Amino acid sequence: MIEAKNLSFSYPFSSPVFEEVDFKLAPKEVVVITGPTGSGKSTLAKCITGFIPHHVDGTYVGSIIINDHDMGDMSLADISRLVGLVQQDSESQICTLKVLDEIAFGPENFLVKRNDILSRIQESLDAIDSHHLIERETYALSGGEKKRIVIASILSSLPQYIVFDEPTSNLDPQGIKQFQDLLLQLKENNFGVLCIEHNLNAVLPVADRTLKLDDGKLVSYNPVYESTESNSPRIQPFLFQEPLLSASQISFSYDSKIAIDNLSLSIYPGEIIALMGDNGSGKTTLLRLLSGLLSPDFGQIFLGDTHIEKLSSKDIAKHTGIVFQNPVHQIFEKSVWQEYTLGLRILGLDDIYHLEQAEEKLKKYGLFEKKNDNPYSLSHGQKRRLNVLSSMVHTPSLLIFDEPFIGQDKVGRTLITESLLNHQKNGGASIVVTHDSEFSKGFGNRLVFLDSGAILLDGTPESVLSHLALLGKDEYDFSGVNQE
Amino acid sequence: MNSSQSPRLKTYEIVTIAILGSLGGALSTFIGYLGNLVNLALGVPFGAGQFMAGLHVFWLVLIRIFVPRNGAGTFGGFLKGLVELFTGSTHGLVIVLITLFQGLLIDLGGIAIKETPETDNFKRFLWWLVAGVSSASNVFAFQFIYFSGAPWFYIALIAVLAFCSGIIFSGYFAWETIDFLYDTGVFSFHTQKQPPPTKERKRVIYRNIPAIAFVLFLTIGSVYYVGFVARAFVDPYACEVVGLVEQPYVYHPGTFPDESVTIEAELQGAYTHLPPANYSGVPVSRILHEASPLPEASMLRVVARDGYSARFSLADVMTDSRLILSVAEDELWLIAADYDGAYWVHHVSIFEVY
Amino acid sequence: MNKQFGFHEGDSFLHILNPLAKFLSLIFIMIGILIYPSLTLTIFFLLLTLIGFRVAQVPLELSHNRVRFLLVFSVLLLVLQVMVISNGNVIIYLVPVLNGTGPFFPITDYGISVGLVFATRFLLIVLSSMLFVSVTDPTLLAHSLARSGVPYRYSFALIISLRFLPLFDAESDMVRMAQRARGITYDVRSIHGILASIRYTFYPLLVSALSRVDTLSMSMDGRGFGYDTHRTYVRFAKWRKRDSFLMILSLGFLILCVLFSFNILPFPLILF
């Protein structure tokens, strides 16, 4: 049993993250803690796993008892043999080159004998059903596989409790389903599981109890299902006009792996296209092809009526606004304002008219007070908003967004959605990669579903989702929303 | 960042070194690419490689500042070198030795300067100098391994180029980057000494003005020095007389202005020959006589700047009036009239008596 | 990691040698060759290296850009050296006597031999390093270092660096794409432009890389990293007799080189 009593914590020079929190986690139990972004959920997870106060400075009051021992008297190594923390970013938790080494890492450090480690590796991989990965190189794993390996590498130290911090944030609906099965399996094997989760729907089906951390207090919580379905009438695309962009029979492969297979797609003014599909189905590659960042091995892409390969990157940038997955990879300047208006300067549009318009927009997005701040110092959600704004600053006709909603709270989601709708009203088109069927149904007027690099379904969101259900992929019509 | 307490590196310090070393290794191709762009823009076939030298040391400076421990630079240099070795660097194992040495220089600088440089402008100059020296060090290593006989003057000039690159990229730019990174908050909870909230944005440039001025002065000074003053020290017309002599000295063509003789000689090489011509110069016997060879000496080795050498019997030399040291274009040339072509040593720099 | 030049798994003689023994031998031989520049020895080791590629079944394709670059560069070194050196027996003058001036640019036997030494030495250094890399599992090298007395927390840094390398490669591709998407082009006509190009590439990558430090160090500490000064290993390379033999050979070679270069033979002769 883990028991936190009267727990309070504050980082140096800041107000308390939470105060007088009481919490219990028993073996064979799955507890979910939810709460808005910045409510201190991750901080709480670090307390329960001993990293606070062992690894992180701050003011710590209260106590945590684990299996009748006070954590304050234990070393981090001793604590970590009882409770493991799976952090949000799997990529950064892998420190070795081979899956086998990664899972062996913990027991090796704890001086476990070689033969015992070998059997622990087997057991850990069995627990996550991933025996086939044992000989693989860690860098070549997919996102979902990396998450599994991180979990296995903690299981091999034989903890009794596992804490997950935002485990489903980068998973596709299928991955979420598999993760739910994994939680059930862990529970069956007597583990006590704590899930810190923002996307409640993803873990609610397997939770025994749900708590909410808000305003520094931890309280029990009975979630209600909320829908963000928009009430505004959807705009029909202007199909009678010339397409903004058209791709005909394009194919692309990485080395020998086919990513896009003989795909054709036209994008018309007034469309908001939700691009969906499993992880690895080629969505990101398709976006890169459509924006001229990759050249197709076969087939052609036209931006307006010009072959995209005949255009310089500046010309393409004039007509397209692109948002990539990782917000940090697309911030270049030293202040929010500089970053935001970079596109105007590059395209020679930094005149008073454009700059004033840009300023208005920045105010609306709530980033104006931060205009002199270092853009990298913004929160994840703010960075994402800045990415979206920067990509649209020169009013391109086509927006290409890769997972813009990850890490966004309700305010951020609404702002981004509004921008897309505004853009649509002005005759622009957008293509948005998302796993969120609520967005597709609420705001998209077309849904393209990719499977193994080809278009499986293309039509109105309702018809595509109902076809998906018929094909046994009903998980696509359930995830997303109800995010705090 | 807290540097004091235990001598053992904390895990996050090790991870910081490893990650910066890795990123530095991964970006070395980008640096090469940028160097090629600069070459293209300047219309020269090479040279910008050294102009970019400071960008390699940049990573070691970052490591030493973010992990302010003695040895962190050397450790980081070794690691960055290994990363480049494992990615198939064009220099193979040599790159490990070079980056290791560059890291060592940064560490030595760090030990000498002691504190982290945030506080004090003077310390900042010192850091920039150390970064410049560390950048320039690679020139000498590469010269030693890949080339011999390059005139001193050119090596010094390239070294100054690398030094300037170090000042710009691993000095000025590195500090701009360090300030910038502290600003991003990426060092979340390990950073104790967050720089205090700053007054205005201009501060990076403002704070650096004295350092920039100083470094500009220094750079111009060193170019001048190499171009005009140092040239005298690596005088192509100087020849040292050393070894078993009573009075070693440096011979210059002007040393014995009245003793020059003119002889007719014909170079008979193994494969080629030069027709008879007149050569003027001071007899080698006269030059050696001035240094007074010791009685036990029996041989003379004439050493050229490119490492070539030829050996003569000292007794023969002292009686040979047709063995003279002549002045040719940018060099001293040994005219060995009665010897075959291989003994006509160009670029003579040393007479060693033994 | 670059597929052509990274580690090639295999079970050849070279693969199963202890990584540390291989690494130290490589260093000893290289230092030996550097302080005692003999053409014969360099060519001998160069041939040995080429045989090594065969034995280890690592392809060394002449058509590959990198290999071609190495060859071109070594020829360049040879030519440059020949042009610079005017001593030794002149074989031919590139510019003969004309109207009483000249001759210029002598090609000498000494110049050619020095040029050959430098060109072959360059090839030897790079090719033997490539061979070493392709037959050595870096994880086992780090573990061997640790088992030889280096604190394992430090030798582990090598593993971390190499583990993140492919990620950083992919990230720098990503950043370059994001730059193109915004219309950013590199401007190298002024120092200002060069610095801006570097900033646009370094800053996103630095922030992204450094933001991993906390997660990774917590993850490692949370799995007992540094729990004790020692640890156990699932995969490690044994030190066998043949490794000691290799060490004795290469160390012996180094000592011989030191003796040679300080005493016995005069400089031009040791080239052969």
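So, how was this worked out
- Within each chain, residues carry numbers counting from 1 in the order of the written sequence.
- Both sets of labels track the order of writing: A upward for chains, 1 upward for ligands.
- Given that this is a predicted model, residues contribute local features only at a pLDDT of at least 70 and side-chain atom pairs are listed and counted only at 80 or more, while totals for whole chains, interfaces and linings are drawn from all residues.
- Only hydrogens and water are removed before side-chain values are computed, so all heavy atoms of the structure are retained for them.
- Secondary structure follows DSSP: runs of H or I at least 4 residues long count as helices, runs of E at least 2 residues long count as strands, and numbering of each begins at the N terminus.
- In this scheme, a residue with accessible area under 20% of its type's maximum is buried, one over 50% is exposed, and one in between is partly exposed, where area comes from a 1.4 Å probe on protein chains only.
- Residue contacts are defined here by distance: any two heavy atoms, one from each residue, within 4.5 Å place the two residues in contact.
- When we talk radius of gyration, it's over C-alpha atoms, and the globule rule is simply 2.2 Å times the number of residues to the 0.38.
- For accessible areas, the Shrake-Rupley method is used with a probe of radius 1.4 Å. Any residue's cover is judged against the shown protein chains and nothing else.
- For each domain, the first and last residues come from an automatic or database assignment.
- Within this document, salt bridges are pairs made up of a side-chain nitrogen of Lys or Arg and a carboxyl oxygen of Asp or Glu, the two lying within 4 Å of each other.
- Think of a polar contact as two N or O atoms within 3.5 Å of one another; within protein, one of them needs to be a possible hydrogen donor and the other a possible acceptor, and neighboring residues in sequence only count if both atoms come from side chains.
- Every residue carries a pLDDT, the predictor's confidence in it, which falls somewhere between 0 and 100.
- At least two DSSP bridges between two strands are required for those strands to pair.
- We define buried area as the total accessible area lost by two parts upon association, computed with a 1.4 Å probe and summed across both.
- Fitted lines through C-alpha atoms serve as axes, helices being fitted only where they are in contact, and the angles separating the N-to-C directions of these axes extend from 0 to 180 degrees.
- Angles below 35 degrees are treated as roughly parallel, those above 145 as roughly antiparallel, those between 65 and 115 as roughly perpendicular, and all remaining angles as oblique.
- Three classes are used: nonpolar for Ala, Val, Leu, Ile, Met, Phe, Trp, Tyr, Cys and Pro, charged for Asp, Glu, Lys and Arg, and polar for all others, with Gly counted as polar.
- To define a nonpolar core, start from buried Ala, Val, Leu, Ile, Met, Phe, Trp, Tyr and Cys residues and group those joined through side-chain atoms within 4.5 Å.
- Patch members must show over 30% relative accessible area and no salt bridge, and they are joined within 9 Å when carrying like charges or within 5 Å when they are nonpolar side chains of Val, Leu, Ile, Met, Phe, Trp or Tyr.
- To estimate how far a helix should reach, multiply one less than its number of residues by 1.5 Å.
- Bend is the name given here to the angle between axes fitted to two runs of seven residues, the run ending at a residue and the run starting at it.

Now for the overall build of chain B. Counting its secondary structure elements, chain B contains 11 helices and nine strands. Expressed as a percentage of its 354 residues, the buried residues of chain B come to 56%. Taking contacts inside chain B between residues at least 6 apart in sequence as the whole, the part at least 24 apart equals 67%.

For chain C, the helix and strand inventory stands at 10 helices and two strands. Ordered by position from the N terminus, the helices and strands of chain C form the series α-α-α-α-β-β-α-α-α-α-α-α. Taken over the C-alpha trace, chain C has a radius of gyration of 24 Å; the compact-globule value for 272 residues is 19 Å, which it surpasses by more than 25%. The principal-axis extent of the C-alpha atoms belonging to chain C is close to 80 × 60 × 35 Å. Taken over 272 residues, chain C has a buried fraction of 59%. For chain C, contacts bridging at least 24 residues in sequence account for 74% of all contacts bridging at least 6. Just so you have it, chain C exposes about 11,400 Å², and 69% of that area is on carbon and sulfur atoms.

All names here are of chain C. Once the domains are mapped, chain C shows domain 1 (1–136 + 238–272) and domain 2 (138–234). Each of domain 1 and domain 2 has a C-alpha centre, and these two points are 32 Å apart. Listed as interface residues are eight residues of domain 1 and, on the opposing side, nine residues of domain 2. The tally of links from domain 1 across to domain 2 stands at zero salt bridges. For the pair domain 1 and domain 2, the interface holds zero residue pairs in polar contact (both at pLDDT 80 or more). Ranked by the residues each element gives to the side of domain 1 that touches domain 2, the list is headed by helix α2 (residues 19–35), at three residues.

Attention now moves to the confidence of the model for chain C. Residue and element names in this part refer to chain C. Averaged over all residues, the pLDDT of chain C is 87; the fraction at 70 or higher stands at 93%. Scored below 50 in pLDDT, residues 266–272 makes 20 contacts in the model with residues more than four places away or belonging to other chains. Of the two predicted TM-score estimates for the complex, the pTM is 0.88 and the ipTM is 0.90.

The next subject is the sheet that holds strand β12 (residues 257–267) of chain A. All names here are of chain A. Read across the sheet, four strands follow the order β12-β11-β14-β15 without closing on themselves; strand pairing throughout is antiparallel. One side of each edge strand has no neighbouring strand; the edge strands of this open sheet are β12 and β15 (306–307). Here strand β11 (residues 245–254) pairs with strand β14 (residues 298–303) via five bridges, running antiparallel. Bridge pairing in β14 links S246 to F302.

This brings us to the interface of chain B and chain C. Interface size is often expressed as the accessible area that is lost when the parts come together. Opposite the 83 residues of chain B that make contact, chain C presents 81 residues. Of the roughly 7,200 Å² buried between chain B and chain C on both sides combined, carbon and sulfur atoms contribute 75%. Between E176 of chain B and R199 of chain C there is a salt bridge; the shortest N-O distance is 2.6 Å. For the pair chain B and chain C, the interface holds 11 residue pairs in polar contact (both at pLDDT 80 or more). The element best represented in the side of chain B that touches chain C is helix α1 (residues 11–26) of chain B, accounting for 11 residues.

Moving on to the packing of α2 of chain C against helix α6 (residues 138–147) of chain C. Residue and element names in this part refer to chain C. Axis separation between α2 and α6 bottoms out at 8 Å; the angle between their running directions is 90°. Our classification of the angle between α2 and α6 gives roughly perpendicular. Packed against α2, whose contacting residues are P19, L20 and F23, the element α6 presents L140, L141, S144 and L145 at the interface. Class assignment for the residues of the contact of α2 with α6 results in six nonpolar, one polar and no charged.

Residues and elements named next belong to chain A. Position of N426 relative to the elements: it lies in the loop between α14 (410–425) and β18 (429–433). Since its relative accessible area comes to 69%, N426 is described here as exposed. Through-space distance from the C-alpha of N426 to that of P269 is 9.0 Å; in sequence the pair is 157 residues apart.

Looking now at the pattern of salt bridges. The tally for this structure, following the rule as stated, stands at 33 salt bridges over all chains. Note that E359 of chain A is salt-bridged to K363 of chain A, the shortest N-O span being 3.6 Å. You can see E359 of chain A and its partner K363 of chain A sitting in helix α12 (residues 352–364), four residues apart, about one turn around the helix. When salt bridges with common partners are traced through the structure, they connect D89 of chain A together with E171 and R212 of chain C into a single cluster.

Let us now look at unusual backbone geometry. Residue and element names in this part refer to chain A. Between I52 and the following residue, P53, the backbone shows a cis peptide bond with an omega angle of 5°. Along the chain, P53 turns up in helix α2 (residues 51–54). One non-glycine residue, D68, adopts positive backbone phi at about 70°. Relative to the elements of secondary structure, D68 occurs in the loop between β4 (59–66) and β5 (69–70). In the Ramachandran plot, E166 falls in the positive-phi region, its phi being about 45° despite a non-glycine side chain. Along the chain, E166 turns up in the loop between β7 (161–165) and α7 (173–188).

Here we come to the sheet that holds β4 of chain A. Residues and elements named next belong to chain A. Spatial ordering of the open sheet is given by β2-β1-β4-β5, a layout of four strands whose pairing is antiparallel. Among the strands making up the open sheet, the edge pair consists of β2 (18–25) and β5. Sheet analysis places β4 next to β5, joined by two bridges and oriented antiparallel. For I65, the partnering residue across the bridge sits in β5 and is D70.

A few words now on the packing of α6 of chain C against helix α7 (residues 152–182) of chain C. Residues and elements named next belong to chain C. Two numbers describe how α6 lies on α7: the axes approach to 8 Å, and their chain directions differ by 170°. Taken together, the axes of α6 and α7 lie roughly antiparallel to each other. Facing P138, T139, L141, A142, H143, L145 and A146 of α6, the residues of α7 in contact are Y152, S155, F156, L158, I159 and L162. Class assignment for the residues of the contact of α6 with α7 results in 10 nonpolar, three polar and no charged.

A separate point is the nonpolar core. Nonpolar side chains tend to gather and get buried jointly when the protein is soluble and globular. Counting 176 residues, the largest nonpolar core has F202 and L206 of chain C as the members making the most contacts within it. Ranked by residues supplied to this core, first place goes to α7 of chain C with 16 residues. With 49 residues, the next largest nonpolar core counts Y279, L300 and L314 of chain B together with Y110 of chain C among its residues.

Turning to the side chain of D137 of chain C, a few remarks are in order. Residue and element names in this part refer to chain C. Position of D137 among the secondary structure elements: in the loop between α5 (109–135) and α6. Engagement of the side chain of D137 in a polar contact is seen with the backbone nitrogen of T139, the distance being 3.0 Å. Residue contacts for D137: discarding those within four places in its chain leaves F7 and R235.

Our focus in this paragraph is a nonpolar patch on the surface. All names here are of chain C. Nonpolar side chains collect at one region of the surface, where V75, V79, M83, V84, L94, V95, L98, F104 and F105 lie side by side and expose about 750 Å² of accessible area between them. Listed by contribution, the elements that provide at least two residues to the nonpolar patch are α4 (65–84), β1 (90–95) and β2 (104–108). A per-element tally of the nonpolar patch places α4 first, with four residues. For F105, the location among the structural elements is in strand β2.

A separate point is helix α8 (residues 191–210) of chain C. Residue and element names in this part refer to chain C. Between its terminal C-alpha atoms α8 stretches 27 Å, which fits the 28 Å expected from 20 residues at 1.5 Å a residue. Of all bends in α8, the biggest is about 25°, found at F202, and the proline P204 comes one to four residues later. When you tally the buried positions in α8, you get 18 out of 20 residues, the bulk of the element.

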